[in-house]
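Here are the chains, one letter per residue:
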Amino acid sequence: TSAETFYEAVGGAETFRRLINRFYREVAVDEILRPLYPEEDLGPAERRFRMFLEQYWGGPRTYSDERGHPRLRMRHNPFRIGPIERDAWLRCMYVAIASIEPETLDDQHRKALTDYMEMAAQSMVNSPL
Ligand code: HEM
């Protein structure tokens, strides 16, 4: 069969690379988010997040090969994530999604991606403040 994955439909590796690179360029200058990232070099974090999303949307399974089960709630436990951090994270993600042109990311795929990010960001909240 040839059911196209979301990953393929939006342009594959190149689109995910652009999306997540744009996201991390926002994180790098965000005064709420930047201090949460333990490493000075954001490159490795960018790569982990990109691998995870590629896998989630039907692309290569490199994330699980390297990192095992995602267990994202658990992996975020070291960081206090309240509504302020969630909203800062989503702001960066909205900028990143907006940077992908409609020819690559049509309305339907854009909505699916945005809905997922909003759901996932909420599910990572681990602090009331
Ligand atoms: C890792 C922050 C939401 C996926 C991290 C790290 C931080 C962080 C500080 C550690 C960086 C690293 O060394 O990898 C946040 C904050 C969020 C958020 C403040 C606000 C809600 C999300 C969401 C997803 C996600 C919604 C998925 C859609 C990941 C992944 C990793 C990660 C895959 C790497 C996990 C691993 O170690 O394999 N995040 N995150 N994060 N985050 Fe988030």
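Scroll up for the structure.
This report concerns the structure included in the present document.

1. Focus: the overall build of the chain
Step number 1: When helices and strands are counted, the chain shows seven helices and zero strands.
Step number 2: Computed over C-alpha atoms, the radius of gyration of the chain comes to 15 Å, within 12% of the 14 Å expected from 2.2 N^0.38 for 129 residues, which places it in the range of a compact globule.
Step number 3: In the chain, buried positions account for 40% of the 129 residues.
Step number 4: Carbon together with sulfur atoms contributes 54% to the accessible area of the chain, which is approximately 7,600 Å² in total.
Step number 5: Computed over 18 positive and 21 negative side-chain charges, the inter-centroid distance for the chain is 5 Å.

2. Section: the coordination of the iron atom of the ligand
Step number 1: If you check the protein contacts of the iron atom of the ligand, you find one donor only, His 76 (NE2), at 2.0 Å.
Step number 2: In this structure, His 76 sits in the loop between helix H5 (72-75) and helix H6 (83-98).

3. Digging into the site of the ligand
Step number 1: Arg 48, Tyr 63, Arg 67, His 76 and Trp 89 are the nearest of the 20 residues found near the ligand.
Step number 2: Here an oxygen atom of the ligand sits 2.5 Å away from a polar atom, N or O, in the side chain of Tyr 63.
Step number 3: Within the side chain of Arg 67, one N or O atom sits 2.6 Å away from an oxygen atom of the ligand.
Step number 4: Looking at which element gives the most residues to the shell around the ligand, the answer is helix H3 (residues 43-56), with four residues.
Step number 5: The residue makeup of the shell around the ligand, split by class, is 15 nonpolar, one polar and four charged.

4. A short note on the nonpolar core
For soluble globular proteins, nonpolar side chains are generally found buried alongside one another.
Step number 1: Counting residues in each nonpolar core, the largest one holds 33 residues, and the members touching the most others are Phe 23, Tyr 24, Leu 53, Trp 89 and Met 117.
Step number 2: Once residues within four sequence positions are removed from consideration, Trp 89 is found in contact with Phe 23, Leu 33, Tyr 37, Phe 49, Met 117 and Ala 121.

5. Topic: the packing of aromatic side chains
Step number 1: On inspection of all chains with the given rule, the structure shows 13 aromatic pairs.
Step number 2: Centre to centre, the rings of Phe 23 and Tyr 24 are 5.3 Å apart; their planes meet at 85°, and the pair counts as edge-to-face. As far as burial versus exposure is concerned, Phe 23 and Tyr 24 are alike and both buried.
Step number 3: Through a chain of ring-to-ring contacts, three or more aromatic side chains come together here, namely Phe 6, Phe 52, Tyr 56, Trp 57, Tyr 63 and Tyr 116.

6. Some remarks on the pattern of salt bridges
Side chains bearing opposite charge may pair, as long as their charged atoms lie close to each other.
Step number 1: For the coordinates displayed, the defined rule picks out ten salt bridges.
Step number 2: Its salt-bridge partner being Arg 48, residue Glu 39 comes within 3.1 Å of it at the nearest N-O pair.
Step number 3: Looking at Glu 39, the relative accessible area reads 40%, which means it is partly exposed.

7. Let's talk about the packing of H6 against helix H7 (residues 107-123)
Step number 1: Packing of H6 against H7 leaves a shortest axis separation of 10 Å and a crossing angle of 165°. With respect to their mutual orientation, H6 and H7 come out roughly antiparallel. Considering the relative orientation of H6 and H7, their crossing is right-handed. Listed contacts from H7 to Arg 86, Trp 89, Leu 90, Met 93, Tyr 94, Ile 97 and Ala 98 of H6 are Arg 110, Leu 113, Thr 114, Met 117, Glu 118, Ala 121 and Gln 122.
Step number 2: A per-class count over the contact of H6 with H7 returns nine nonpolar, two polar and three charged.

Conventions used here
- Residues numbered from 1 in each chain as written.
- Predicted model: local features only at pLDDT ≥ 70, side-chain atom pairs only at ≥ 80, totals over all residues.
- Heavy atoms only, no water.
- Helix = DSSP H or I, 4+ residues; strand = E, 2+ residues; numbered from the N terminus.
- Rg over C-alpha atoms; globule rule 2.2 N^0.38 Å.
- Buried < 20%, exposed > 50% of the residue type's maximum accessible area, 1.4 Å probe, protein only.
- Areas by Shrake-Rupley, 256 points an atom, 1.4 Å probe, with all protein chains shown as cover.
- Lys, Arg positive; Asp, Glu negative; His and termini not counted.
- Charge placed at Lys NZ, Arg CZ, Asp CG, Glu CD.
- Donors = N, O, S within 2.8 Å, 3.2 Å for Na, K, Ca; no water.
- Near = heavy atom within 4 Å.
- Polar contact = N/O pair within 3.5 Å; in protein donor to acceptor, adjacent residues only side chain to side chain.
- Nonpolar A, V, L, I, M, F, W, Y, C, P; charged D, E, K, R; others polar.
- Core = buried A, V, L, I, M, F, W, Y, C linked by side-chain atoms within 4.5 Å.
- Contact = heavy atoms within 4.5 Å.
- Phe/Tyr/Trp six-rings, centres within 6.5 Å; stacked < 30°, edge-to-face > 60°.
- Salt bridge = Lys/Arg side-chain N within 4 Å of Asp/Glu carboxyl O.
- Axes fitted to C-alpha atoms, helices over the stretch in contact; angles between N-to-C directions.
- Parallel < 35°, antiparallel > 145°, perpendicular 65-115°, else oblique.
- Left-handed = near helix turned anticlockwise from the far one by under 90°.

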